[in-house]
Amino acid sequence: MAVLLKKIAKEDGYERLKDDAGGYFAGTVFFKDRVIHGYPHIKRIFTLKEGVERNIKEDGFSVEEKIDGYNVRVALVDGKVFAFTRAGRIEPYASEKLSSLSFFFEENPDIVICGEMVGNTPFTPPTDQFDFMFYVFDFMKEKTILPFDEKQRLIKKYNLSSVPLIGKFKKTEEPWKKLKEVALFLNKGKREGMVIKGLSGKSAVKYVTPSSDIEDIRQNARFIFDMPVGFFNQRVFRSSVFLEDFGMSREEYAKKLGEAFYSSLSGGIKQFKKEGAVKEEFRIFVEKEETWNAVYSMLKKSKEIEVSDVYKWKEGNKIGVRFSKVYRKTTQKFRKFLSGYAVED
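Residues numbered from 1 in each chain as written. Predicted model: local features only at pLDDT ≥ 70, side-chain atom pairs only at ≥ 80, totals over all residues. Heavy atoms only, no water.

Draft legend 1. Expanded view of the overall build of the protein. The helix and strand tally for the protein stands at eleven helices and 17 strands. Its C-alpha atoms give the protein a radius of gyration of 21 Å, within 12% of the compact-globule value 20 Å for 345 residues. By principal-axis analysis of the C-alpha atoms, the protein measures approximately 60 × 55 × 50 Å. Counting every position in the protein, which comprises 345 residues, the buried fraction comes to 49%. Both charge centroids of the protein, one from 62 positive and one from 51 negative side chains, sit 2 Å from each other. (Helix = DSSP H or I, 4+ residues; strand = E, 2+ residues; numbered from the N terminus. Rg over C-alpha atoms; globule rule 2.2 N^0.38 Å. Buried < 20%, exposed > 50% of the residue type's maximum accessible area, 1.4 Å probe, protein only. Lys, Arg positive; Asp, Glu negative; His and termini not counted. Charge placed at Lys NZ, Arg CZ, Asp CG, Glu CD.)

Quick look at the structure:
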């Protein structure tokens with residue numbers, strides 16, 4: 001119990017678990033009368049056939065397209081719908097947007113909806129094509145992920161948007177040729193990849209495409225000193241294994257990888273020289289001023305970024321907000337290195 005208490009962070013009206021402890025996953029949220037369990041970790045595999053055979057412990061499995069957004073759990077607490085980040089914080093933007101799911105919780109108050117947010121959010125690149133989308137990928141009841149058939153039943157019954165289902169397969173039917181075709185199709189379309197789940201809901205793995213790995217590098221190399229240790233190594237290695245497994249052109253992807261890395265870094269350096277900071281712009285639309293205030297308060301708690309360039313306007317019955325995130329470490333490093341500081345290797 002002492003170990004568990006050391007890993008708990010106190011928030012306004014609830015507590016959250018910062019790391020796995022005491023049989024609970026990181027991101028578990030504790031209210032007075034309700035526990036919202038953290039979403040289980042999903043491991044990545046590097047080889048398709050071997051990875052599925054080793055990690056999916058049952059014959060039948062589903063394959064879903066992996067959507068590139070941010071993960072939230074949506075639950076009913078004390079009669080109100082809340083969305084929680086992977087770390088267990090209440091996410092005010094998603095909480096406002098997904099309050100429309102209250103009809104689901106009228107009949108299923110003890111189920112947690114797990115899904116991916118994309119679009120004009122505080123964490124994903126802005127788009128003019130739509131405001132936001134929420135794609136359901138799982139349901140949880142306490143710590144248990146509901147089985148595939150029950151998940152599909154709930155999605156259909158309540159007409160919920162969900163991640164694209166590629167299909168159901170059985171290991172005993174040797175589906176590897178079909179899965180390789182799917183992986184190549186996703187890669188050609190520059191999609192992120194696939195999530196492979198046992199039909200019971202007890203096991204799952206992620207498999208991503210080299211196009212996705214290279215796009216991740218293109219988007220994030222300019223924030224190089226703020227990225228987690230291993231971010232670039234993992235993506236270069238994963239894409240290399242994919243190319244080897246599928247007999248794809250190393251020369252073609254070496255050019256794409258180098259261009260992604262250098263164009264992104266060059267863009268960051270040019271931005272710093274012009275604006276004095278390395279930053280990224282976001283845009284959201286909210287119904288209430290207090291929602292933006294809560295988002296701003298949440299973002300200000302980060303040690304990695306600071307919020308700047310906030311601009312608000314009225315758009316119909318909504319409030320539009322444009323803002324930037326300044327990446328502190330990269331900005332500080334660029335300031336030193338570009339002003340002549342020397343470093344010892």
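Draft legend 2. Representation of the layout of surface pockets within the structure. A volume near 670 Å³ is recorded for the second largest pocket. Lining the second largest pocket are 22 residues; nearest its centre among them are Phe 82, Ile 90, Pro 92, Ser 95 and Ala 294. Counting residues per element, the ones that place at least two in the lining of the second largest pocket are strand 8 (80-85), helix 3 (92-97) and helix 10 (289-300). It is helix 10 that provides the largest number of residues to the lining of the second largest pocket, a total of five residues. (1 Å grid on protein atoms, 1.4 Å probe; cavity = no way out; pocket = protein on both sides within 12 Å on 5 of 7 lines; lining within 4 Å. Points joined across faces, edges and corners; volume = space filled by probe spheres on them.)

Draft legend 3. Representation of the packing of aromatic side chains in the model. Under the criterion given, the structure shown has 26 aromatic pairs. Note on Phe 61 and Phe 169: the rings are 5.8 Å apart at their centroids and 25° apart in plane angle, and the pair reads as stacked. Of the two residues, Phe 61 sits in strand 6 (residues 60-66) while Phe 169 sits in strand 12 (residues 165-170), which places them 108 residues apart along the sequence. Exposure remark for Phe 169: the relative accessible area of 12% places this residue in the buried category. For the pair Phe 285 and Trp 313, a centre-to-centre distance of 5.9 Å together with 90° between the ring planes defines the contact as edge-to-face. Of the two residues, Phe 285 sits in strand 15 (residues 279-286) while Trp 313 sits in strand 16 (residues 305-315), which places them 28 residues apart along the sequence. Feature note: the residues Phe 103, Phe 104, Phe 105, Phe 139 and Tyr 158 constitute an aromatic cluster, connected by ring pairs. The ring of Phe 231 has Arg 235 sitting right over it, with the charged end atom 3.8 Å from the ring centre. (Phe/Tyr/Trp six-rings, centres within 6.5 Å; stacked < 30°, edge-to-face > 60°. Lys NZ or Arg CZ within 6 Å of the ring centre and 35° of its normal.)

Draft legend 4. Representation of helix 9 (residues 250-275). The terminal C-alpha atoms of helix 9 lie 37 Å apart, and with 26 residues this matches the ideal 38 Å at 1.5 Å per residue to within 8%. Listed in full, the buried residues belonging to helix 9 are Tyr 253, Ala 260, Ser 264, Leu 265, Gly 268, Gln 271 and Phe 272. On its buried side, helix 9 packs onto helix 6 (176-188), helix 7 (210-220), helix 8 (231-246), strand 15 and helix 11 (328-337). Two residues or fewer after helix 9 comes Gly 276, characterised by a positive phi angle close to 80°. (Expected span 1.5 Å × (residues − 1). Contact = heavy atoms within 4.5 Å.)

Draft legend 5. A look at the pattern of salt bridges. Counting across every chain of the model gives 27 salt bridges. A salt bridge links Lys 151 to Glu 64, with the nearest nitrogen and oxygen atoms 2.4 Å apart. Pair noted here: Lys 151 is in helix 5 (residues 148-157) and Glu 64 is in strand 6, with a separation of 87 residues, a long-range link. Both residues of the pair, Lys 151 and Glu 64, belong to the buried class. (Salt bridge = Lys/Arg side-chain N within 4 Å of Asp/Glu carboxyl O.)

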